[in-house]
Amino acid sequence: MAITRVPTTPFPDQRPGTSGLRKKVKVFQQPRYVENFIQAIFDTVEGAEGSTLVIGGDGRFFNEAVVQVALRMAAANGFGRILVGQKGLLSTPAASCVIRKHKAIGGLVLSASHNPGGPEGDFGIKFNMSHGGPAPESFTEAVFKRASALTEYRIVEGADIDLARLGETKIGSTIVQVIDPVADYVELMERLIDFNAISELFRSGFRMRFDALNAITGPYAKAILEGRLGAPAGTVVNGEPKPDFGGHHPDPNPVHAHDLMELMMGPDAPDFGAASDGDGDRNMIVARGLFVTPSDSLAILTSHAHLAPGYAQGLSGVARSMPTSRAADRVAKKLGINFFETPTGWKFFANLLDAGLITICGEESAGTGSNHIREKDGLWAVLLWLNVLAVTKKPADQIVREHWAAYGRDYYTRHDYEELETAPANTLMDALRAKLATLPGQRFGELTVQDCDDFAYTDPVDQSVTPKQGIRILFREDARAVFRLSGTGTSGATLRVYLERFEPNPDRHSLPTAEVLAPVVEAANAIAEIAARTGRSEPSVIT
Ligand code: VG1
Ligand code: CO
């Protein structure tokens, strides 16, 4: 086998963000761009020689071409065995599952997740560690450093591998094994979730719609919901993964999954609605006539998880990202289990999961997961919900309302200002930071600032400190506003403003969210001077 050492020069912008390196497809298509980044990863992985590597992606445009390059580079870099999903496909949770099950040293997951696909859309590459989870910042920073000084990459020249056929081939002495992307994942779900109870539920006439938004979860959802659990054919819609997601924006929220929302809010709504994102790690849950916020979903799953076989022993603890509402905190308190607040991004949960400090975790951005893998897991969350519905025999909206009655309701919304110019967006955050000391006691409309800070996280396991993870403003009226800049966007800057207000009074649990949160929105806009500093009078997306 001839290994070619190709001379290269570094690209200055290969610094991974919240979840891997995410750029426009056009950026990744520059000659040597993909190769450089993959080489920087391989140079950073310790013990690559002879070890097992997992490769797969969400099937978006450019996926297969990058898989082929990654295979030939992995062989040139001495990996012993490569497990690659058939047709180059693996959902993010399935990749995490395969890495753990087959004791791989890590995996390359090709995805820009919830970002749009197609030649004009986004692409991404992330590396997951041997525990199956996203690489921590220490690793991604080392990759960035390496990429910034790279002088050559290694590749084996040769024909493309046939990714359509399951089975083994070789590149030099490296074994390439094309695996069924769904099988290991289904087997794991079967151990955690009560498949019999859910089958019984479907047999009794329960109806749901799962909208895969033409992204990766289609084959997984079809295999499990329709194949194993007996849901009627057609339960999964938009189930074919497409390179451009069929024009869908594969972000499962009420705005981008509008067809599902319309159905679930209409007179012919089935019992339950769900959707997932580009790479299958996010979930959207909709009851009949009621969207379930991801923050509420995390709290509800925390209080009901013991109904599923995988969690029958109870939970050790729960963690949520800082901008996620405080609903899960109250459940943790009631159950007397651990509770942690982490920065945004799944990589911060891995240590807590590995150390057994938590069993379940989630983010306001529609990510929920548990210790079964080290990624968030869209379909798992949907199956756990179905398990809860099957055991309690209650409709989903009733479960949510009962939860509010028991714990109070956290009204929640997120305002995104997308594609801002980078400089003013940074200035907005800096100005906000600068005035933190003066805010407590100040009144904005009907709210008064009680406390505020710039969130810094000390990992309880390895004591690493991650500063500047978002600005939190707490109001005396039990409301909160959080500001941070996105780390997954690919053009300009995106400002995220997270707004919430706690309402303990059950008589006030059925109000329109926008109405309850209007004073918080107003105060947040005034404090951050959003309109003046961004020139925008409205957010681009409200979820
Ligand atoms: C966003 C979400 C964050 C999530 C990340 C990756 O990050 O806010 O909660 O973990 O996307 O999700 P940011 O930095 O843009 O706010 V996925 O499904 O795109 O991998
Ligand atoms: Co995702």
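Summary of the structure given here. These figures come from a predicted structure and were not determined experimentally.

1. A look at the overall build of the protein chain
Scanning the protein chain for helices and strands turns up 17 helices and 27 strands. Since a compact globule built from 543 residues should have a radius of gyration of about 24 Å, the 23 Å found for the protein chain is in line with a globular shape. Each of the three principal axes of the protein chain carries a C-alpha extent, and together these read 70 × 60 × 40 Å. Sorting the 543 residues of the protein chain into buried and exposed places 60% on the buried side. Partitioning the intrachain contacts of the protein chain with sequence separation of at least 6 by distance along the chain shows that 72% fall at a separation of at least 24. Counting every atom, the protein chain has about 19900 Å² of accessible surface; 50% of that belongs to carbon and sulfur. Of the charged side chains in the protein chain, 55 are positive and 65 negative; the average position of the first set lies 2 Å away from that of the second.

2. Points about the packing of helix H6 (residues 183–192) against helix H13 (residues 378–392)
Viewed as axis vectors pointing N to C, H6 and H13 meet at an angle of 30°, and their least axial separation amounts to 11 Å. By the angle between their axes, H6 is roughly parallel relative to H13. Along this stretch, H6 crosses H13, giving a crossing that reads as right-handed. Contact with H6, carried on its side by Tyr185, Met189 and Leu192, involves Leu379, Trp380 and Leu383 of H13 and no other residues of that element. A breakdown of the residues in the contact of H6 with H13 according to their chemical character gives 6 nonpolar, no polar and no charged.

3. Considering the coordination of the cobalt ion (ligand 2)
Ideal geometry at a metal centre: 109.5 degrees between donors when four sit tetrahedrally, and 90 or 180 degrees when six sit octahedrally. The protein atoms that coordinate the cobalt ion (ligand 2) are Ser113 (OG), Asp277 (OD), Asp279 (OD) and Asp281 (OD), at distances spanning 1.9 to 2.1 Å. Mapping the donors of the cobalt ion (ligand 2) onto the primary sequence yields the spacing S-x163-D-x1-D-x1-D. Of the two residues, Ser113 is situated in the loop between strand S5 (106–110) and strand S6 (122–128) and Asp279 in the loop between strand S12 (272–276) and strand S13 (283–287); the sequence distance between them amounts to 166 residues. Look at Ser113 and you get buried, because its relative accessible area is 2%. According to the relative accessible area criterion, Asp279 is buried, its value standing at 0%.

4. Section: the packing of helix H7 (residues 195–203) against H13
Any two packed helices are characterised by how steeply their axes cross, that is the angle between the axes, and by the distance between the axes. For the pair H7 and H13, interaxial distance at closest approach is 9 Å and the crossing angle is 70°. Accordingly, the angle class assigned to the pair H7 and H13 is roughly perpendicular. Judged by the twist between their axes, the crossing of H7 over H13 is left-handed. In this structure, H7 contributes Ala197, Ile198, Leu201 and Phe202 to the contact, and H13 contributes Leu383, Leu386, Asn387, Leu389 and Ala390.

5. Overview of the site of ligand 1
Around ligand 1 there are 19 residues in total, and Thr18, Ser113, His114, Gly487 and Thr488 lie nearest to it. At a separation of 2.5 Å, an oxygen atom of ligand 1 approaches a polar side-chain atom of Ser113. Contact between ligand 1 and His114: an oxygen atom at 2.3 Å from a side-chain N or O atom of the residue. Among the residues making up the shell around ligand 1, the classes are represented as no nonpolar, 10 polar and 9 charged.

Procedures and definitions
Residues numbered from 1 in each chain as written. Chains lettered and ligands numbered in written order. Predicted model: local features only at pLDDT ≥ 70, side-chain atom pairs only at ≥ 80, totals over all residues. Heavy atoms only, no water. Helix = DSSP H or I, 4+ residues; strand = E, 2+ residues; numbered from the N terminus. Rg over C-alpha atoms; globule rule 2.2 N^0.38 Å. Buried < 20%, exposed > 50% of the residue type's maximum accessible area, 1.4 Å probe, protein only. Contact = heavy atoms within 4.5 Å. Areas by Shrake-Rupley, 256 points an atom, 1.4 Å probe, with all protein chains shown as cover. Lys, Arg positive; Asp, Glu negative; His and termini not counted. Charge placed at Lys NZ, Arg CZ, Asp CG, Glu CD. Axes fitted to C-alpha atoms, helices over the stretch in contact; angles between N-to-C directions. Parallel < 35°, antiparallel > 145°, perpendicular 65-115°, else oblique. Left-handed = near helix turned anticlockwise from the far one by under 90°. Nonpolar A, V, L, I, M, F, W, Y, C, P; charged D, E, K, R; others polar. Donors = N, O, S within 2.8 Å, 3.2 Å for Na, K, Ca; no water. Near = heavy atom within 4 Å. Polar contact = N/O pair within 3.5 Å; in protein donor to acceptor, adjacent residues only side chain to side chain.

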